[in-house]
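Inside the fold
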Amino acid sequence: MIWEEHASLAPYNTFGIDAKAERLVHLETEACVADYRIHPKGYAQQTLLISGGSNMLLCADVPGTTARIAWTGQHIVRETDDHVFVQVAAGENWHDTVRYTVEQDWGGLQNLSLIPGLVGAAPVQNIGAYGVELADSFDSLRFFSWETGEIQTLSHAECAFGYRDSIFKGPLKDKGVILSVIFRLTKHSHVLKTSYGAIQDELAARGQEASVRSISDAVIAIRQSKLPDPKVLGNSGSFFKNPALPAEVVAALAKSNPTLPQYPQGDGSVKVAAGWLIEQAGWKGKRIGQVGMHAHQALVLVNYGGATGPELWAHAQRVQDSVKEQFGIHLEPEVNLIG
Ligand code: EPU
């Protein structure tokens, strides 16, 4: 365990916000977690547990202890004729993990290429993109309980995955930490999801057949063309969720807005594209001071340099208010607000 006092969290959040942690501890091995749990300045004083920092907006300095997930490693736990089960540590970079699986021609994660963040945070959000979610290739995970210090294995069903949702945002929120995730990947009979229009267009433009690798490459190209690279421009991907609304509300809205993108959910609700609503409300590419909604994807809140958490949040609220006023729809942040 490496301890720092009054450390800047700028390197550890993708908005690049320079909030300070009163105390920052780097947990570099799984074994550190058990030590940290009983350390007097450890879990007892914990205010924040930080993973890739790709889904949080730091609105203030963080008192007490901030712990950073930094343990890494991966190995095959078992194989069948058609599947391989790979265990990956929480601190591994998500995209590096996807590319490792793509290079082996193991199918499952290719549509989730280039999502920022670390592996341990992926189940919390049930990250998703281009018609695929983490839950589709998830086997189980190991969870360390702060209360008991014990490690539990949680199955797919026990994780209660939903749209950008899981048990770790509900009953198990703040109750422990995900140590590692086991993925169930296909070795031969790949199910390739290319129904998302942009993937088909990209493959056609490249003259390529769908494969684990070509889909990953296509997704990387699409994301790079639309989404700003956090290393260049601070951001946290989609800032808001796509709102799910009753079908009759969406039908009424679509009468006056025929181009509204709609995604029926099968449970009677219809998701609408928050990025479209924000663009219609006039915020796409509009910059106020050091903050704004991205010019190529209006759902992405951007720090053009040196913006504070409260400045970014104030902008998000302006956008929220104006979409509410124009469409009567409340946009809920996908990103976690801290402080
Ligand atoms: N749209 C606009 N204007 C915009 C942005 C989008 O009109 O500025 C329209 C698009 O034309 C399209 C629709 O909205 O018809 C959907 O846009 P897009 O395909 O870009 O996807 P999204 O719904 O905005 C979601 C995820 C992304 C994920 C993409 C691709 C959420 C909140 N976001 O975005 O995830 O990459 O689909 O699957 O579900 C993230 O969570 O950080 C993230 C980037």
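Residues numbered from 1 in each chain as written. Predicted model: local features only at pLDDT ≥ 70, side-chain atom pairs only at ≥ 80, totals over all residues. Heavy atoms only, no water.

Topic: the site of the ligand
Stated precisely, the cut-off is as follows: The cutoff for a nearby residue is simple: one of its non-hydrogen atoms must lie within 4 Å of the molecule or strand. Counted as a polar contact is a pair of N or O atoms within 3.5 Å, where, for protein atoms, one must be capable of donating a hydrogen and the other of accepting one, and residues adjacent in sequence contribute only when both atoms are in side chains. Each accessible area value is a Shrake-Rupley result obtained with a 1.4 Å probe; residue values ignore everything except the protein chains displayed when judging cover. Per the convention used, a helix needs a DSSP run of H or I reaching at least four residues, while a strand needs a run of E reaching at least two, with both numbered from the N terminus. Here the bounds of each domain stem from an automatic or database domain assignment.
Close contacts around the ligand come from 24 residues, with Tyr-130, Tyr-163, Tyr-196, Glu-279 and Ala-298 the closest. Here Glu-279 contributes a side-chain N or O atom positioned 2.6 Å from a nitrogen atom of the ligand. At 2.9 Å from an oxygen atom of the ligand is found a side-chain nitrogen or oxygen belonging to Gln-297. Contact with the protein chains removes 82% of the 810 Å² of surface that the ligand exposes when unbound. Contributing elements (two or more residues each) for the shell around the ligand: strand 8 (128-129), helix 6 (212-226), strand 13 (234-238) and helix 8 (274-280). Looking at the shell around the ligand, you find at least three residues from each of domain 2 (74-186) and domain 3 (234-338).

Some remarks on the sheet that holds strand 2 (residues 20-27)
The condition is simple: In this description, strands pair whenever DSSP reports at least two bridges between them. Geometry is summarised by axes, namely lines fitted to C-alpha atoms with helices restricted to the contacting stretch, and by angles between N-to-C directions that run from 0 to 180 degrees. Whether two residues are in contact is decided by their heavy atoms, any of which lying within 4.5 Å being enough.
One open sheet accounts for 4 strands, arranged 1-2-5-3; its pairing is mixed. Edge strands, defined here as strands with exactly one partner in the open sheet, are strand 1 (2-8) and strand 3 (46-50). With direction set aside, neighbouring strand axes in the sheet form an average angle of 30 degrees. Bridge count between strand 3 and strand 5 (residues 62-69): 4 bridges; the pairing is parallel. Counterpart to Gln-46 in the pairing with strand 5 is Thr-65. Packed onto the sheet, helix 1 (residues 30-38) meets strand 2, strand 3 and strand 5 and runs at close to 135 degrees relative to strand 2.

Details of the layout of surface pockets
How we decide: Method remark: on a 1 Å grid restricted to protein atoms, a set of points is classed as a cavity if a 1.4 Å probe fits but cannot get out and as a pocket if it is open with protein on both sides within 12 Å along at least five of seven lines; lining residues have an atom within 4 Å of a point. Grid points are joined across faces, edges and corners, and a volume is the space filled by probe spheres set on the points. Classification used: nonpolar for Ala, Val, Leu, Ile, Met, Phe, Trp, Tyr, Cys and Pro, charged for Asp, Glu, Lys and Arg, polar for all others including Gly.
Taken as a whole, the second largest pocket spans an internal volume of roughly 230 Å³. Along the walls of the second largest pocket sit 13 residues, with Gly-108, Asp-136, Ser-137, Thr-186 and Val-191 positioned nearest its centre. Looking at side-chain class alone, the lining of the second largest pocket contains 2 nonpolar, 8 polar and 3 charged residues.

Overview of the packing of aromatic side chains
Operational definition: Only the six-membered ring of Trp is used, alongside the rings of Phe and Tyr, when aromatic pairs are assigned; centres must lie within 6.5 Å, and planes under 30 degrees apart are stacked while those over 60 apart are edge-to-face, with the rest tilted. Whether a residue is buried, partly exposed or exposed follows from its accessible area with a 1.4 Å probe, protein chains only, as a fraction of its type maximum: under 20%, in between, or over 50%, in that order. Only when the NZ of Lys or the CZ of Arg is both within 6 Å of the ring centre and within 35 degrees of the ring normal is a charge said to sit over the ring.
Tallying each qualifying case throughout the model produces 12 aromatic pairs. Ring centres of Phe-144 and Trp-146 lie 5.6 Å apart, and the angle between their planes is 75 degrees; this geometry places the pair in the edge-to-face category. For the pair shown, Phe-144 and Trp-146 are each scored as buried. Note on Phe-239 and Phe-240: the rings are 5.1 Å apart at their centroids and 80 degrees apart in plane angle, and the pair reads as edge-to-face. Residue classification places Phe-239 among the buried positions, given a relative accessible area of 0%. By way of ring pairs, the aromatic residues Phe-15, Phe-239, Phe-240 and Trp-313 are connected into one cluster. Against the face of Trp-283 rests Lys-286, its NZ or CZ located 4.9 Å from the ring centre.

Observations regarding the domain arrangement of the protein
Rules: Defined in terms of a 1.4 Å probe, buried area is the accessible area two parts forfeit on being brought together, summed over both. By definition, a salt bridge exists where a carboxyl oxygen of Asp or Glu is found within 4 Å of a side-chain nitrogen of Lys or Arg.
For the protein, the assigned domains read domain 1 (2-69), domain 2 (74-186) and domain 3 (234-338). A separation of 29 Å is found between the C-alpha centroids of domain 1 and domain 3. The junction of domain 1 with domain 3 conceals about 1,200 Å² of combined surface from both sides, 59% of it contributed by carbon and sulfur atoms. On the domain 1 side of the contact with domain 3, Phe-15, Asn-55 and Leu-57 bury the most area, a combined 55% of that side's loss. Where domain 1 packs against domain 3, one counts 0 salt bridges. At the boundary of domain 1 with domain 3, the tally comes to 8 residue pairs in polar contact (both at pLDDT 80 or more). No other element matches the 3 residues that strand 4 (residues 56-58) contributes to the side of domain 1 that touches domain 3. Of the residues that constitute the side of domain 1 that touches domain 3, the class distribution is 8 nonpolar, 4 polar and no charged.

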